[in-house]
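# Coordinate analysis (summary)
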Amino acid sequence: SLSKKRIDYKAPTHLVPNIHLTFELDPNETRVKNVMQIRRVDNSVDFLVLDGEGLQLTDIMIDSVPLTLDVDFWKDEHGLRIQCNKDEFTLTISNTISPINNTSLEGLYFSNGAYCTQCEAEGFRKISYFFDRPDILSIYTVCIRTNDTSLSYLLSNGNLISDNVNDTNMRECIWRDPFPKPCYLFALVAGHFDKLEDKFVTMSGRTIELLLFVDEGRKGQGQHALDSLKKAMRWDEETYGLEYDLDIYMIVAVDFFNMGAMENKGLNVFNSKFVLADSNTATDEDYFNIESIIAHEYFHNWTGNRVTCRDWFQLSLKEGLTVFRDQQFSADMFSPLITRIGQVKVMREHQFAEDASPMSHPIRPDEVMEMNNFYTVTVYDKGAEVIRMLHTLLGKRGFRQGMDLYFKRHDGQAVTCDDFVQAMQDANDIDLAHFKLWYSQSGTPEISIELSNDEDNMCRIGFRQFTQATADQAHKQALYVPIKVQCLNADGKAIKTGLANDTFVLTDSADSILILGDANKITPVFLQDFSAPVKIHFDYSGKQLLNIILNANNHYSKWEATQQLFFTWIKSVYLNECKLNAKVKEELTTLAGSLPELTLPDEVLAQLMTLPSLESCIAKLEQVNPLQLNKAYIKVRAYLASISVNYMLKHYHNINGKNDLPYAYQRQQVNGRKLKNVLLFNIACSGNELASALIKQQFEDASNMTDKLGALKAAQVYNIDLFDALMLSFEEQYTNDAVVMDKWFALHASIEKPDLLSQLDLLQAHKQFSITNPNKVRSLIGSFAFYNTVAFHQADGSGYKYLADYLLQLDKVNPQVASRLITPLIQYSQLENSFQEKIIVQLQRLYGAKGLSKDLFEKISKCLI
Ligand code: DPP
Ligand code: ZN
């Protein structure tokens, strides 16, 4: 079979305590010499199998004795099989690779003239022959040689041991990382950069040197990343008692990168999009993301590097946990509410859709063809939700005790998700057997709730849980589901539920609780703070939802209720041939009327005035016509905007008037800008003629990228001529800034018009666009396919065909990025049959293409079964 199964895990036959790598850098032919000290642990085997892909083997020796092909060893496109009966030996392998021809951006490649590596998950095998699996931990010594003097920095993991130039002008740097690590954490970078330096003194008083390498001329955009790193280091000491372990921490920002960033030991490599920021080029959201991703990679030093994964099926062990940690950090640094809302949106817009698709898998997958396909919102974000439930269940202290025990037991090891849960269980004296089903069961549990009157003035709240069969699993069990509940009376006063921590834990397929009150008068609030990654079905009346919005004491619940209300309206207009009916108009008017009375912080108000995304609405419906739904969506948005436009104009001027501080990424300022831009967007949606001048004014006066982009987004929905004019001026101003131009491409690709496809062709020919650069591809083609309903879901299927055509090209250049980009074509389960059929036609075309990557093959074949 083409896929690997989790249950087939076999312990290593050999270990590699030490590895010594020498690189002689050359763009076309880099020489790699790999000296491995190997120890046999299973003496019933007299051979070893090493992974290697696309390598030119030049030399192979055991203990200095050369081996003969097809006598002592065998070679195929996956690697080597070597005969050897020794218990301890040195295996020396030399090979060459060609970084300049490597467009997959896995292994050793070029990014804008700099050599750079990406080894996770299985990229090391594209550099040298090795046991490319995370449970082989080795101490690395790395020697980098070059006579190219333009490469001012030659970097690898750990500490710099020496830096010499010999008499033939060959420079040689030697690095040694004292911490044993799996090969996916290996990194090498060689290039010409600008360097920012800083220091951090750890809790035990050690001074760590912090170095940030960026493209020449970008030094001024690195300070936020460095500041974020120091905050993350301090936070991990204070929150988990975790201290950094090497004397040096390096981050390199590169322009060509498949992911967001990579946690290589002591040498993180980052997509420059998540490093570079100043007020002129980065939005508040960019600042937030940079802080969170810098922290995420830093936190991996303990959750991922010191304790790593036994095999790739355990990926959530490090990713779910580290995402949870970065969310806690962002909540502490910025805002618990905004961090939580952002995360819940990811779950509802993307993770629920993944679970409803042919790619559905548990947070710990059971079967994998291409590991790169499992760096998913399920493993990462649902994985983090599962950790969050543990945190809720054990409390802050109990969770910390579990973490302490986990590190005490497993520091320096490669372990499993079971090991993690076991540590949590043993540190807390609790039985987590049932809870653990969250690791093995895929799909989104749906909780149906009903209220009824019981005797003695009691109200019964009945809960039922059900998980639909998913593509990968037919049978589902009842899970452990913590549901945070609040009950309000008709005046919005809280009614006591008597529940510990206001949380009801549903463990069976059905259960109920009793509270004092009348079922017809209570307004219940379920799943506060999104206490479990589930869908709730409860038949709210508009009145109940308005009660929550006006009276609930929890901001998250207010947001949730507005989202629910918006969805109800959009759905009702959609089902009513896109016409607003009297009831919806009346409820919209009530909401609009109460907006001025809501005395809420800016950050809350901004969230309440933002509709749920169209994607999250699609995820809640079946047999959807996305074009009709989009029409209904725009109708509701425009109506609400038009009836509250006077309030919005007044509020907009109010905020704009006191906006005179110099830009800072500081909570109060950020929230002010956020609200201002939400107001501007809504004013534009209302169609009010004052919008034009306001947009132009804001665009011209903007002292920062947040306000500039806010003006552009408003222009995009308001008037396309105005939008085009502003975009032209934007392009002139930022044409040399690759990260900013990504925003420009994304804005063009998200104009909702059917004739967008010909414009996408023109944009592909733009001098700043390149199919080899993942950021560009994601900005242009990704924005179109993921978010442009009108252009992508065209009734004649031309949008689907456009994406399929592009994927055929891209798959040859970079399969990993192609495989991410196919997502909108495989998440079709909620769409009307006529749309599904047109998608399937394109999937079949792709399936029939010659030389399809494993990445795309795995996804497409799951759709066509
Ligand atoms: N770079 C990815 C992350 O940090 C994979 N480890 O999540
Ligand atoms: Zn990660």
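Parameters at a glance
Residue numbers run consecutively from 1 along every chain, following the written order of its sequence. Note on labels: chains are lettered from A, ligands numbered from 1, in written order. In keeping with the model being predicted, local features are shown solely for residues with a pLDDT of at least 70 and side-chain atom pairs are shown and tallied solely at 80 or more, while totals for entire chains, interfaces and linings include all residues. Think of it this way: any DSSP run of H or I at least four residues long counts as a helix, any run of E at least two long counts as a strand, and we number them from the N terminus. For the radius of gyration, the atom set is restricted to C-alpha positions; the globular benchmark scales as 2.2 Å times the number of residues to the power 0.38. With C-beta atoms placed from the backbone, a residue is buried if 20 or more other C-beta atoms are within 10 Å of its own, exposed if 12 or fewer are, and partly exposed between those counts. Any pair of residues counts as being in contact when their C-beta atoms, constructed from backbone geometry, are within 7 Å of one another. Here the limits of each domain have been adopted from an automatic or database domain assignment. Basically, the charged four are Asp, Glu, Lys and Arg, the nonpolar ten are Ala, Val, Leu, Ile, Met, Phe, Trp, Tyr, Cys and Pro, and anything else, Gly included, counts as polar. Strands were regarded as paired on the criterion that DSSP finds at least two bridges between them. Interaxial angles span 0 to 180 degrees and are taken between N-to-C directions of axes, which are lines fitted to C-alpha atoms, for helices over the stretch in contact. To decide whether a residue is near a molecule or strand, its C-beta atom is placed from the backbone and checked for lying within 6 Å of it. UniProt positions are given in the numbering used here, feature names are shortened, and annotations may be inferred rather than shown by experiment. The term nonpolar core refers to a group of buried residues, namely Ala, Val, Leu, Ile, Met, Phe, Trp, Tyr and Cys, whose C-beta atoms join them within 7 Å. Each angle gets one of four labels, with under 35 degrees taken as roughly parallel, over 145 as roughly antiparallel, 65 to 115 as roughly perpendicular, and the rest as oblique. A crossing counts as left-handed when the near helix is turned anticlockwise from the far one by less than a right angle, and as right-handed when that turn is clockwise. Multiplying one less than the number of residues by 1.5 Å gives the expected span of a helix. Here the bend at each residue means the angle between axes fitted to two seven-residue stretches, the one ending at that residue and the one beginning there.

Along the protein, the regular secondary structure elements total 27 helices and 32 strands. For 865 residues, the compact-globule formula gives about 29 Å, and the C-alpha radius of gyration of the protein, at 28 Å, lands near that figure. C-alpha extents for the protein along the principal axes are approximately 85 × 65 × 60 Å. Here the protein holds 865 residues, and 49% of them are scored as buried. Considering only contacts within the protein whose residues lie at least 6 apart along the sequence, 71% involve residues at least 24 apart.

Take the environment of V49 next. Mapped onto the elements, V49 comes out in strand β4 (residues 47-51). Setting aside anything within four residues of it in sequence, one finds V49 in contact with G79 and R81.

This part is about the domain arrangement of the protein. When the domains of the protein are assigned, the result is domain 1 (16-299), domain 2 (309-537) and domain 3 (737-865). The straight-line distance from the C-alpha centre of domain 2 to that of domain 3 is 32 Å. Counting residues at the interface gives 10 residues for domain 2 and 12 residues for domain 3. When the residues that make up the side of domain 2 that touches domain 3 are grouped by side-chain class, the tally is six nonpolar, three polar and one charged.

Taken together, four strands build an open sheet; the order of strands is β10-β11-β16-β13 and the sheet is antiparallel. Each edge of the open sheet is held by one strand with a lone partner, namely β10 (107-111) and β13 (153-156). Neighbour-to-neighbour, the strand axes of the sheet open up by a mean angle of 20 degrees, direction not taken into account. With five bridges connecting them, β10 and strand β11 (residues 114-118) associate as antiparallel partners. Counterpart to F110 in the pairing with β11 is Y115.

In this section: the site of ligand 1. All residues in the neighbourhood of ligand 1 are listed as E120, M259, A261, M262, E263, H296, E297 and E319. Contributions of two or more residues to the shell around ligand 1 are made by β20 (261-262) and α2 (284-299). Tallied by class, residues from the shell around ligand 1 come to three nonpolar, one polar and four charged.

With that out of the way, let us pick up the UniProt feature "domain: Aminopeptidase N-like N-terminal" (unreviewed entry) in the protein. Those places that UniProt annotates as "domain: Aminopeptidase N-like N-terminal" (unreviewed entry) correspond, in this numbering, to residues 20-185. Secondary structure over residues 20-185 splits into 0% helix and 54% strand, and the C-alpha atoms at its two ends are 15 Å apart.

Next up on the list: the nonpolar core. Counting 251 residues, the largest nonpolar core has V189, V252, I683, A684, I695 and A714 as the members making the most contacts within it. When neighbours within four sequence positions are excluded, I695 is seen to be in contact with L680, A684, A711, A714, A715, Y718 and L722.

What follows covers the packing of helix α4 (residues 336-355) against helix α5 (residues 377-410). Relative orientation and spacing of two packed helices are given, respectively, by the angle between their axes and the distance between those axes. Look at α4 against α5: their axes get within 10 Å of each other, and the N-to-C directions meet at 130 degrees. Relative to α5, the element α4 is oriented oblique. Seen along the crossing, α4 lies across α5 with a hand that is left-handed. Touching Q343, V346, M347, H350, Q351, E354 and D355 of α4 are V377, T378, D381, K382 and E385, all from α5. Of the residues belonging to the contact of α4 with α5, the class tally is three nonpolar, four polar and five charged.

Turning our eyes to something else, we now look at helix α23 (residues 798-813). Between its terminal C-alpha atoms α23 stretches 23 Å, which fits the 22 Å expected from 16 residues at 1.5 Å a residue. Of all the bends in α23, the largest measures some 25 degrees and sits at L807. G799, Y800, Y802, L803, A804, Y806, L807, L810 and D811 are the residues of α23 that are buried.

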